Amino acid sequence: MRRNRSFLVLGILAAGLASGLAQAKELEVFSWWAGDEGPALEALVKMYKAKYPDVSVVNATVTGGAGVNARAVLKTRMLSGDPPDSFQVHAGQELIGTWVVADRMQDLTPLYKSEGWMTKFPKGLLDLLSYKGGIWSVPVNIHRSNVMWYNPAKLKEWGVTPPKTWPEFLSTCAKLKAKGLEAPLAVGENWTQQHLWESVALGTLGTTNYGKLWKGQIKFTDPKAVKVWETFGKVMDCSNKDASGLSWQQATDRMLEGKAAFNIMGDWAAGYMATTKKLEPGKGFGWAASPGTNGTFLMLSDSFGLPKGVKNVTEVNNWLKLLGSQAGQDAFNPLKGSIAARLDSDVSKYNSYSQSAAKDWKANKIAGSLYHGAVAPESFTSQFGSVMEIYLSSKNANAAAQAAQEVADKINLGK
Ligand code: GAL
(Lines give C-alpha, C1' and ligand atoms only; values in the text may rest on other atoms or scores of the structure.)
Protein backbone atom coordinates (compact mmCIF):
# COMPACT_ATOMS: atom_id res chain seq x y z
CA MET A 1 0.00 0.00 0.00
CA ARG A 2 2.72 2.36 1.16
CA ARG A 3 4.73 1.42 -1.90
CA ASN A 4 1.77 2.07 -4.17
CA ARG A 5 1.29 5.47 -2.67
CA SER A 6 4.87 6.50 -3.27
CA PHE A 7 4.53 5.38 -6.89
CA LEU A 8 1.44 7.55 -7.13
CA VAL A 9 3.29 10.55 -5.68
CA LEU A 10 6.19 9.99 -8.03
CA GLY A 11 3.77 9.67 -10.94
CA ILE A 12 2.07 12.93 -10.06
CA LEU A 13 5.44 14.66 -9.72
CA ALA A 14 6.61 13.34 -13.07
CA ALA A 15 3.39 14.37 -14.81
CA GLY A 16 3.65 17.84 -13.24
CA LEU A 17 7.24 18.16 -14.40
CA ALA A 18 6.37 17.01 -17.90
CA SER A 19 3.49 19.45 -18.25
CA GLY A 20 5.70 22.18 -16.75
CA LEU A 21 8.30 21.43 -19.39
CA ALA A 22 5.71 21.39 -22.12
CA GLN A 23 4.54 24.81 -20.97
CA ALA A 24 7.99 26.43 -20.87
CA LYS A 25 7.67 28.78 -23.80
CA GLU A 26 10.72 30.14 -25.49
CA LEU A 27 11.70 32.37 -28.36
CA GLU A 28 15.23 32.62 -29.71
CA VAL A 29 15.95 35.75 -31.71
CA PHE A 30 19.23 35.61 -33.62
CA SER A 31 21.01 38.75 -34.89
CA TRP A 32 24.27 40.71 -34.94
CA TRP A 33 22.85 43.58 -32.95
CA ALA A 34 25.17 43.29 -29.97
CA GLY A 35 26.77 45.96 -27.76
CA ASP A 36 26.49 49.46 -29.26
CA GLU A 37 24.00 48.10 -31.76
CA GLY A 38 21.78 46.56 -29.11
CA PRO A 39 19.40 49.25 -27.79
CA ALA A 40 16.83 49.18 -30.62
CA LEU A 41 16.46 45.39 -30.52
CA GLU A 42 16.32 45.46 -26.73
CA ALA A 43 13.40 47.89 -26.93
CA LEU A 44 11.52 45.39 -29.08
CA VAL A 45 12.36 42.47 -26.80
CA LYS A 46 11.08 44.52 -23.85
CA MET A 47 7.78 45.13 -25.64
CA TYR A 48 7.52 41.43 -26.47
CA LYS A 49 8.15 40.40 -22.87
CA ALA A 50 5.52 42.85 -21.60
CA LYS A 51 2.98 41.35 -24.01
CA TYR A 52 3.94 37.71 -23.52
CA PRO A 53 5.33 37.49 -19.97
CA ASP A 54 5.29 33.67 -19.95
CA VAL A 55 7.73 33.41 -22.86
CA SER A 56 11.43 33.49 -22.13
CA VAL A 57 13.26 35.33 -24.88
CA VAL A 58 16.79 34.30 -25.76
CA ASN A 59 18.44 37.29 -27.39
CA ALA A 60 21.18 35.44 -29.25
CA THR A 61 23.64 37.90 -30.78
CA VAL A 62 26.89 37.29 -32.59
CA THR A 63 29.10 40.40 -32.54
CA GLY A 64 30.49 41.80 -35.78
CA GLY A 65 29.23 44.68 -37.92
CA ALA A 66 27.07 43.85 -40.95
CA GLY A 67 26.76 40.26 -39.76
CA VAL A 68 30.28 39.26 -40.82
CA ASN A 69 30.37 36.60 -38.10
CA ALA A 70 26.66 36.04 -37.52
CA ARG A 71 26.01 34.89 -41.08
CA ALA A 72 28.64 32.15 -40.76
CA VAL A 73 27.16 30.91 -37.47
CA LEU A 74 23.69 31.00 -39.00
CA LYS A 75 24.84 28.93 -41.95
CA THR A 76 26.25 26.24 -39.67
CA ARG A 77 23.06 26.14 -37.63
CA MET A 78 20.77 26.03 -40.64
CA LEU A 79 22.78 23.30 -42.30
CA SER A 80 22.96 21.20 -39.14
CA GLY A 81 19.19 21.32 -38.66
CA ASP A 82 19.31 23.67 -35.66
CA PRO A 83 17.73 26.89 -36.98
CA PRO A 84 17.15 29.78 -34.57
CA ASP A 85 13.42 30.49 -34.11
CA SER A 86 13.81 33.75 -36.01
CA PHE A 87 16.89 35.39 -37.49
CA GLN A 88 17.99 38.74 -38.89
CA VAL A 89 18.47 38.72 -42.63
CA HIS A 90 18.50 41.43 -45.27
CA ALA A 91 15.51 41.77 -47.51
CA GLY A 92 16.31 40.76 -51.07
CA GLN A 93 18.81 38.35 -52.47
CA GLU A 94 20.53 37.64 -49.14
CA LEU A 95 17.40 35.80 -47.99
CA ILE A 96 15.88 34.69 -51.28
CA GLY A 97 19.12 33.47 -52.86
CA THR A 98 20.03 31.36 -49.82
CA TRP A 99 17.39 30.03 -47.45
CA VAL A 100 14.32 30.55 -49.62
CA VAL A 101 15.66 28.76 -52.69
CA ALA A 102 16.87 25.99 -50.36
CA ASP A 103 13.26 25.65 -49.12
CA ARG A 104 14.21 26.37 -45.50
CA MET A 105 11.71 29.18 -44.87
CA GLN A 106 8.01 29.33 -44.20
CA ASP A 107 5.85 31.42 -46.54
CA LEU A 108 4.48 34.33 -44.49
CA THR A 109 1.77 35.42 -46.94
CA PRO A 110 -1.02 34.24 -44.56
CA LEU A 111 0.47 36.42 -41.79
CA TYR A 112 0.67 39.42 -44.12
CA LYS A 113 -2.98 38.90 -45.02
CA SER A 114 -4.27 38.37 -41.48
CA GLU A 115 -2.32 41.41 -40.20
CA GLY A 116 -3.53 43.56 -43.11
CA TRP A 117 0.10 44.20 -44.16
CA MET A 118 -0.35 43.87 -47.92
CA THR A 119 -1.04 47.61 -48.13
CA LYS A 120 1.05 48.75 -45.17
CA PHE A 121 4.47 48.34 -46.77
CA PRO A 122 5.78 49.90 -50.00
CA LYS A 123 5.13 47.71 -53.02
CA GLY A 124 8.82 47.75 -54.02
CA LEU A 125 9.79 46.39 -50.62
CA LEU A 126 7.19 43.61 -50.80
CA ASP A 127 8.62 42.71 -54.20
CA LEU A 128 12.07 42.42 -52.64
CA LEU A 129 10.70 40.03 -49.99
CA SER A 130 8.76 37.92 -52.48
CA TYR A 131 9.72 34.93 -54.56
CA LYS A 132 7.62 32.38 -56.43
CA GLY A 133 4.34 33.63 -55.00
CA GLY A 134 5.47 33.72 -51.35
CA ILE A 135 6.55 36.49 -48.96
CA TRP A 136 9.48 35.26 -46.92
CA SER A 137 10.23 37.67 -44.09
CA VAL A 138 8.96 40.71 -42.19
CA PRO A 139 10.93 43.96 -42.60
CA VAL A 140 11.59 45.95 -39.46
CA ASN A 141 13.26 48.96 -41.06
CA ILE A 142 14.77 50.78 -43.99
CA HIS A 143 18.41 51.80 -43.70
CA ARG A 144 20.24 54.11 -46.07
CA SER A 145 23.69 53.04 -47.23
CA ASN A 146 24.86 56.14 -49.14
CA VAL A 147 25.44 58.65 -46.37
CA MET A 148 28.54 60.76 -45.81
CA TRP A 149 28.94 61.81 -42.17
CA TYR A 150 30.97 64.73 -40.90
CA ASN A 151 31.56 66.87 -37.86
CA PRO A 152 30.08 70.32 -38.72
CA ALA A 153 32.35 72.28 -36.36
CA LYS A 154 35.46 70.66 -37.79
CA LEU A 155 34.50 71.24 -41.43
CA LYS A 156 33.98 74.90 -40.56
CA GLU A 157 37.38 75.04 -38.90
CA TRP A 158 39.02 73.50 -41.99
CA GLY A 159 37.03 75.75 -44.33
CA VAL A 160 35.52 72.96 -46.43
CA THR A 161 31.96 71.92 -47.31
CA PRO A 162 30.67 68.38 -47.99
CA PRO A 163 31.73 67.51 -51.57
CA LYS A 164 28.89 66.77 -53.99
CA THR A 165 30.70 64.63 -56.55
CA TRP A 166 33.64 62.21 -56.40
CA PRO A 167 35.99 64.57 -58.32
CA GLU A 168 35.04 67.31 -55.82
CA PHE A 169 35.67 64.85 -52.98
CA LEU A 170 39.19 64.24 -54.31
CA SER A 171 39.99 67.94 -54.49
CA THR A 172 38.60 68.48 -50.95
CA CYS A 173 40.76 65.59 -49.85
CA ALA A 174 43.87 67.21 -51.37
CA LYS A 175 43.02 70.49 -49.65
CA LEU A 176 42.64 68.78 -46.28
CA LYS A 177 45.87 66.85 -46.73
CA ALA A 178 47.65 70.13 -47.48
CA LYS A 179 46.33 71.37 -44.14
CA GLY A 180 48.01 68.43 -42.44
CA LEU A 181 45.08 66.03 -42.15
CA GLU A 182 46.75 62.76 -43.04
CA ALA A 183 43.62 60.69 -43.77
CA PRO A 184 40.55 62.82 -44.55
CA LEU A 185 38.34 59.76 -44.99
CA ALA A 186 37.90 57.27 -42.12
CA VAL A 187 37.38 53.66 -43.19
CA GLY A 188 37.37 50.40 -41.24
CA GLU A 189 37.65 46.66 -41.85
CA ASN A 190 37.11 44.99 -45.26
CA TRP A 191 33.30 45.06 -45.28
CA THR A 192 33.23 48.83 -44.65
CA GLN A 193 35.42 49.23 -47.75
CA GLN A 194 32.94 47.20 -49.79
CA HIS A 195 30.27 49.45 -48.30
CA LEU A 196 32.23 52.49 -49.51
CA TRP A 197 32.65 50.84 -52.92
CA GLU A 198 28.89 50.71 -53.49
CA SER A 199 28.64 54.47 -52.91
CA VAL A 200 31.51 55.06 -55.33
CA ALA A 201 29.83 52.76 -57.85
CA LEU A 202 26.46 54.48 -57.54
CA GLY A 203 28.03 57.96 -57.71
CA THR A 204 30.22 57.04 -60.70
CA LEU A 205 27.81 54.93 -62.75
CA GLY A 206 24.56 56.73 -61.91
CA THR A 207 21.42 54.98 -60.68
CA THR A 208 20.37 53.32 -63.94
CA ASN A 209 23.73 51.81 -64.79
CA TYR A 210 24.32 50.79 -61.17
CA GLY A 211 21.05 48.81 -61.38
CA LYS A 212 22.09 47.27 -64.70
CA LEU A 213 25.27 45.90 -63.16
CA TRP A 214 23.25 43.62 -60.86
CA LYS A 215 20.98 42.50 -63.66
CA GLY A 216 23.98 41.43 -65.75
CA GLN A 217 23.18 44.14 -68.33
CA ILE A 218 26.51 45.90 -67.86
CA LYS A 219 29.67 43.91 -67.41
CA PHE A 220 32.18 44.69 -64.68
CA THR A 221 34.76 44.86 -67.46
CA ASP A 222 32.82 47.64 -69.23
CA PRO A 223 35.01 50.80 -69.22
CA LYS A 224 32.30 52.58 -67.18
CA ALA A 225 32.53 49.93 -64.48
CA VAL A 226 36.35 49.78 -64.58
CA LYS A 227 36.28 53.51 -63.83
CA VAL A 228 34.54 52.72 -60.54
CA TRP A 229 37.66 50.88 -59.37
CA GLU A 230 39.92 53.68 -60.58
CA THR A 231 37.93 56.25 -58.61
CA PHE A 232 37.69 53.90 -55.66
CA GLY A 233 41.49 53.63 -55.58
CA LYS A 234 41.89 57.41 -55.48
CA VAL A 235 39.26 57.64 -52.73
CA MET A 236 41.07 54.97 -50.71
CA ASP A 237 44.26 57.04 -51.03
CA CYS A 238 42.45 59.59 -48.84
CA SER A 239 41.87 57.06 -46.07
CA ASN A 240 43.68 55.76 -42.99
CA LYS A 241 46.25 53.01 -43.42
CA ASP A 242 45.13 51.04 -40.35
CA ALA A 243 41.63 50.42 -41.77
CA SER A 244 41.64 46.63 -41.45
CA GLY A 245 41.88 46.83 -37.65
CA LEU A 246 38.95 49.20 -37.15
CA SER A 247 35.28 48.40 -36.58
CA TRP A 248 32.72 50.66 -38.25
CA GLN A 249 32.15 52.41 -34.91
CA GLN A 250 35.86 53.13 -34.53
CA ALA A 251 35.94 54.57 -38.05
CA THR A 252 32.97 56.79 -37.17
CA ASP A 253 34.77 57.85 -33.97
CA ARG A 254 37.76 59.03 -36.03
CA MET A 255 35.47 61.45 -37.84
CA LEU A 256 33.76 62.59 -34.62
CA GLU A 257 37.12 63.22 -32.97
CA GLY A 258 38.30 65.32 -35.91
CA LYS A 259 41.04 62.86 -36.89
CA ALA A 260 39.22 62.47 -40.23
CA ALA A 261 36.79 64.76 -42.03
CA PHE A 262 34.39 62.20 -43.51
CA ASN A 263 33.04 58.71 -42.99
CA ILE A 264 30.76 56.93 -45.43
CA MET A 265 28.56 54.48 -43.60
CA GLY A 266 24.94 53.36 -43.42
CA ASP A 267 22.66 55.28 -41.12
CA TRP A 268 23.09 52.82 -38.27
CA ALA A 269 25.91 55.33 -37.69
CA ALA A 270 23.19 57.91 -36.93
CA GLY A 271 21.79 55.46 -34.37
CA TYR A 272 25.26 55.06 -32.87
CA MET A 273 25.91 58.80 -32.74
CA ALA A 274 22.46 59.79 -31.44
CA THR A 275 21.58 56.82 -29.19
CA THR A 276 24.97 55.69 -27.88
CA LYS A 277 27.00 58.90 -28.13
CA LYS A 278 24.01 61.15 -27.32
CA LEU A 279 24.94 63.62 -30.06
CA GLU A 280 22.42 65.98 -31.56
CA PRO A 281 21.84 65.53 -35.30
CA GLY A 282 22.94 68.63 -37.19
CA LYS A 283 25.16 69.81 -34.31
CA GLY A 284 27.18 66.83 -33.07
CA PHE A 285 27.17 65.28 -36.52
CA GLY A 286 26.19 66.34 -40.00
CA TRP A 287 25.30 64.33 -43.09
CA ALA A 288 24.94 64.49 -46.85
CA ALA A 289 24.30 61.95 -49.58
CA SER A 290 27.62 60.35 -50.49
CA PRO A 291 29.24 62.17 -53.45
CA GLY A 292 27.43 61.90 -56.75
CA THR A 293 24.39 60.17 -55.23
CA ASN A 294 22.14 63.04 -54.22
CA GLY A 295 18.56 62.18 -55.24
CA THR A 296 19.08 58.43 -54.88
CA PHE A 297 18.38 56.43 -51.76
CA LEU A 298 20.62 53.35 -51.65
CA MET A 299 18.49 51.14 -49.47
CA LEU A 300 18.63 47.98 -47.44
CA SER A 301 16.19 46.47 -45.02
CA ASP A 302 16.63 44.25 -41.98
CA SER A 303 14.02 41.56 -41.73
CA PHE A 304 13.16 38.43 -39.76
CA GLY A 305 11.54 35.23 -40.90
CA LEU A 306 10.26 31.86 -39.74
CA PRO A 307 12.55 28.95 -40.61
CA LYS A 308 10.93 25.59 -41.32
CA GLY A 309 11.13 23.06 -38.51
CA VAL A 310 11.32 25.33 -35.47
CA LYS A 311 9.36 24.37 -32.34
CA ASN A 312 8.14 27.74 -31.14
CA VAL A 313 5.98 28.67 -34.11
CA THR A 314 3.33 30.60 -32.13
CA GLU A 315 6.01 32.59 -30.32
CA VAL A 316 7.73 33.42 -33.62
CA ASN A 317 4.48 34.51 -35.21
CA ASN A 318 3.83 36.81 -32.26
CA TRP A 319 7.38 38.17 -32.62
CA LEU A 320 6.85 38.84 -36.31
CA LYS A 321 3.51 40.52 -35.61
CA LEU A 322 5.26 42.88 -33.21
CA LEU A 323 8.09 43.59 -35.68
CA GLY A 324 5.65 44.45 -38.42
CA SER A 325 3.36 46.57 -36.25
CA GLN A 326 3.38 50.35 -36.24
CA ALA A 327 4.12 50.43 -32.49
CA GLY A 328 7.02 47.98 -32.86
CA GLN A 329 8.57 49.82 -35.78
CA ASP A 330 8.21 53.22 -34.13
CA ALA A 331 9.89 51.92 -30.96
CA PHE A 332 12.78 50.23 -32.79
CA ASN A 333 13.73 52.66 -35.52
CA PRO A 334 14.16 55.97 -33.65
CA LEU A 335 16.91 54.23 -31.65
CA LYS A 336 18.41 52.40 -34.64
CA GLY A 337 18.96 55.31 -37.02
CA SER A 338 16.73 53.68 -39.63
CA ILE A 339 13.21 54.61 -40.64
CA ALA A 340 10.12 52.42 -40.43
CA ALA A 341 9.42 50.12 -43.34
CA ARG A 342 5.70 50.75 -42.80
CA LEU A 343 4.02 53.57 -44.65
CA ASP A 344 2.06 54.82 -41.63
CA SER A 345 4.96 55.52 -39.25
CA ASP A 346 4.65 58.47 -36.84
CA VAL A 347 7.54 60.72 -37.96
CA SER A 348 7.20 62.95 -34.90
CA LYS A 349 8.90 60.16 -32.94
CA TYR A 350 12.10 60.50 -35.00
CA ASN A 351 15.05 62.89 -34.85
CA SER A 352 15.89 65.38 -37.59
CA TYR A 353 18.29 63.01 -39.35
CA SER A 354 15.66 60.28 -39.67
CA GLN A 355 13.00 62.77 -40.70
CA SER A 356 15.23 63.89 -43.56
CA ALA A 357 15.88 60.25 -44.51
CA ALA A 358 12.12 59.56 -44.49
CA LYS A 359 11.60 62.50 -46.84
CA ASP A 360 14.29 61.26 -49.22
CA TRP A 361 12.91 57.71 -49.10
CA LYS A 362 9.65 59.07 -50.49
CA ALA A 363 11.09 61.54 -53.00
CA ASN A 364 14.30 59.88 -54.26
CA LYS A 365 15.06 57.22 -56.83
CA ILE A 366 15.66 53.89 -55.08
CA ALA A 367 18.69 51.65 -55.56
CA GLY A 368 19.59 48.49 -53.61
CA SER A 369 22.68 47.89 -51.48
CA LEU A 370 25.23 45.34 -52.66
CA TYR A 371 26.96 44.53 -49.42
CA HIS A 372 23.77 44.46 -47.37
CA GLY A 373 22.08 41.85 -49.45
CA ALA A 374 19.51 43.71 -51.54
CA VAL A 375 20.78 43.23 -55.09
CA ALA A 376 23.08 40.22 -55.24
CA PRO A 377 23.01 36.80 -53.60
CA GLU A 378 25.47 35.85 -50.91
CA SER A 379 27.35 33.66 -53.41
CA PHE A 380 28.37 36.92 -55.08
CA THR A 381 28.86 39.19 -52.05
CA SER A 382 30.99 36.66 -50.18
CA GLN A 383 33.39 36.40 -53.14
CA PHE A 384 33.34 40.12 -53.73
CA GLY A 385 35.38 40.39 -50.51
CA SER A 386 38.21 38.55 -52.29
CA VAL A 387 37.85 40.81 -55.33
CA MET A 388 38.31 43.72 -52.96
CA GLU A 389 41.46 42.12 -51.54
CA ILE A 390 42.80 41.65 -55.08
CA TYR A 391 42.25 45.32 -55.76
CA LEU A 392 43.71 46.55 -52.50
CA SER A 393 46.88 44.53 -52.91
CA SER A 394 47.40 45.17 -56.65
CA LYS A 395 45.68 48.55 -57.16
CA ASN A 396 44.93 47.19 -60.61
CA ALA A 397 41.44 48.30 -61.70
CA ASN A 398 41.35 45.98 -64.72
CA ALA A 399 42.37 42.95 -62.67
CA ALA A 400 39.64 43.68 -60.09
CA ALA A 401 37.05 44.23 -62.81
CA GLN A 402 38.05 40.96 -64.46
CA ALA A 403 37.85 39.08 -61.15
CA ALA A 404 34.41 40.58 -60.37
CA GLN A 405 33.13 39.55 -63.81
CA GLU A 406 34.41 36.00 -63.31
CA VAL A 407 32.44 35.74 -60.06
CA ALA A 408 29.36 37.22 -61.76
CA ASP A 409 29.64 34.67 -64.60
CA LYS A 410 30.19 31.78 -62.23
CA ILE A 411 27.05 32.48 -60.23
CA ASN A 412 25.00 33.72 -63.18
CA LEU A 413 24.46 37.12 -61.59
CA GLY A 414 21.15 38.67 -62.56
CA LYS A 415 19.98 35.59 -64.45
C1 GAL B 1 23.85 46.11 -41.55
C2 GAL B 1 22.51 46.02 -40.89
C3 GAL B 1 22.32 47.18 -39.97
C4 GAL B 1 23.50 47.33 -39.04
C5 GAL B 1 24.81 47.26 -39.80
C6 GAL B 1 26.06 47.32 -38.95
O7 GAL B 1 24.07 45.03 -42.39
O8 GAL B 1 21.52 46.01 -41.87
O9 GAL B 1 21.13 47.05 -39.25
O10 GAL B 1 23.42 46.38 -38.06
O11 GAL B 1 24.86 46.12 -40.58
O12 GAL B 1 26.24 46.19 -38.19
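Residues numbered from 1 in each chain as written. Predicted model: local features only at pLDDT ≥ 70, side-chain atom pairs only at ≥ 80, totals over all residues. Heavy atoms only, no water.

Q: Please provide a residue-by-residue account of the packing of helix H9 (residues 190-205) against helix H10 (residues 207-214), values included.
A: Their axes nearest at 6 Å, the elements H9 and H10 cross at an angle of 125 degrees. Compared by their axis directions, H9 and H10 come out oblique. Judged by the sense of rotation from one axis to the other, the crossing of H9 with H10 is right-handed. Seen from H9, the contacting residues are Trp197, Glu198, Ala201, Leu202 and Leu205; seen from H10, they are Thr207, Asn209, Tyr210, Leu213 and Trp214. (Axes fitted to C-alpha atoms, helices over the stretch in contact; angles between N-to-C directions. Helix = DSSP H or I, 4+ residues; strand = E, 2+ residues; numbered from the N terminus. Parallel < 35°, antiparallel > 145°, perpendicular 65-115°, else oblique. Left-handed = near helix turned anticlockwise from the far one by under 90°. Contact = heavy atoms within 4.5 Å.)

Q: Would you mind going over the packing of aromatic side chains in detail, with residue names and values included?
A: Counted according to the given criterion, the structure contains 28 aromatic pairs. Ring geometry for Tyr210 and Trp214: centres 5.6 Å apart, planes at 75 degrees, overall edge-to-face. Here Tyr210 pairs with Trp214, and both are found in helix H10, just four residues apart, close to one helical turn. With respect to burial, Tyr210 and Trp214 carry one shared label: buried. On the basis of an interplanar angle of 85 degrees and a centroid distance of 6.0 Å, the ring pair of Trp229 and Phe232 is categorised as edge-to-face. Highlighted residues: Trp229 and Phe232, both in helix H11 (residues 223-236), separated by three residues, approximately one helical turn. By relative accessible area, which is 0% here, Phe232 ends up buried. Pairwise contacts between aromatic rings join Trp197, Tyr210, Trp214, Phe220, Trp229, Phe232, Phe380, Phe384 and Tyr391 into one cluster. Here the basic side chain of Arg71 rests over the ring of Trp32, its NZ or CZ set 5.9 Å away from the ring centre. (Phe/Tyr/Trp six-rings, centres within 6.5 Å; stacked < 30°, edge-to-face > 60°. Buried < 20%, exposed > 50% of the residue type's maximum accessible area, 1.4 Å probe, protein only. Lys NZ or Arg CZ within 6 Å of the ring centre and 35° of its normal.)

Q: Mind laying out the state of the cysteines, listing which residues take part and the relevant values?
A: Following the criterion strictly, the structure yields one disulfide and no others. Put simply, Cys173 and Cys238 are joined by a disulfide, and their sulfur atoms are 2.1 Å apart. Sign of the S-S torsion, about -115 degrees for the bond between Cys173 and Cys238, identifies this disulfide as left-handed. With Cys173 in helix H8 (residues 166-178) and Cys238 in the loop between H11 and helix H12 (248-256), the pair connects residues that are 65 residues apart, well separated along the chain. (Disulfide = S-S within 2.5 Å.)

Q: For the confidence of the model for the protein, give the residues involved together with the corresponding values.
A: When pLDDT is averaged along the protein, the result is 95, and 94% of the positions lie at 70 or above. Predicted confidence for residues 15-20 stays below pLDDT 50, and this span has zero contacts to residues more than four positions away or in other chains. (pLDDT = per-residue confidence, 0-100.)

Q: Explain the site of the ligand residue by residue, including any values.
A: Around the ligand lies a shell of 13 residues, among which Glu37, Ala66, His90, Asp302 and Lys336 are the nearest. Within the contact set of the ligand, an oxygen atom lies 2.7 Å away from a side-chain nitrogen or oxygen of Asp302. Here Lys336 contributes a side-chain N or O atom positioned 2.7 Å from an oxygen atom of the ligand. Taken together, the residues of the shell around the ligand sort by class into six nonpolar, four polar and three charged. Both of domain 1 (22-143 + 300-368) and domain 2 (145-299 + 371-411) provide at least three residues apiece to the shell around the ligand. (Near = heavy atom within 4 Å. Polar contact = N/O pair within 3.5 Å; in protein donor to acceptor, adjacent residues only side chain to side chain. Nonpolar A, V, L, I, M, F, W, Y, C, P; charged D, E, K, R; others polar. Domains from an automatic or database assignment.)

Q: Describe helix H15 (residues 326-336), with residues and values.
A: Of all the positions in H15, only Gly328, Gln329, Asp330, Phe332, Asn333 and Lys336 are classed as buried. Contact partners of the buried residues in H15: helix H2 (39-51), strand S6 (138-139), strand S7 (143-144), helix H13 (268-276), strand S12 (302-304) and helix H14 (313-324). Positive phi shows up at Gly337, right after H15, with a value of about 95 degrees.

Q: Describe in detail the sheet that holds strand S8 (residues 147-150), supporting the description with residues and values.
A: One open sheet accounts for three strands, arranged S9-S8-S10; its pairing is antiparallel. The sheet is open, and its two edges are formed by strand S9 (262-264) and strand S10 (286-289), each paired on a single side. Strand-to-strand twist in this sheet, taken as the mean axis angle between neighbours without regard to direction, amounts to 25 degrees. Note: S8 against S9, three bridges, orientation antiparallel. Each residue of the ladder has a partner; that of Trp149, found in S9, is Asn263. (Pairing = 2+ DSSP bridges.)

Q: If you had to explain the nonpolar core to someone new, which residues and values would you point to?
A: Tyr112, Trp149, Trp319 and Leu320 are the most contacted members of the largest nonpolar core, which has 74 residues in total. Per-element accounting of this core gives the leading share, six residues, to H13. Taken domain by domain, the makeup of this core includes at least three residues from each of domain 1 (22-143 + 300-368) and domain 2 (145-299 + 371-411). When near neighbours in sequence (up to four residues on either side) are disregarded, Leu320 contacts Ser86, Leu108, Leu111, Trp117, Val138, Phe304, Gly305 and Leu306. In terms of nonpolar packing, the next biggest core, distinct from the first, is built from 52 residues, Ala201, Leu205, Met388 and Ala403 among them. (Core = buried A, V, L, I, M, F, W, Y, C linked by side-chain atoms within 4.5 Å.)

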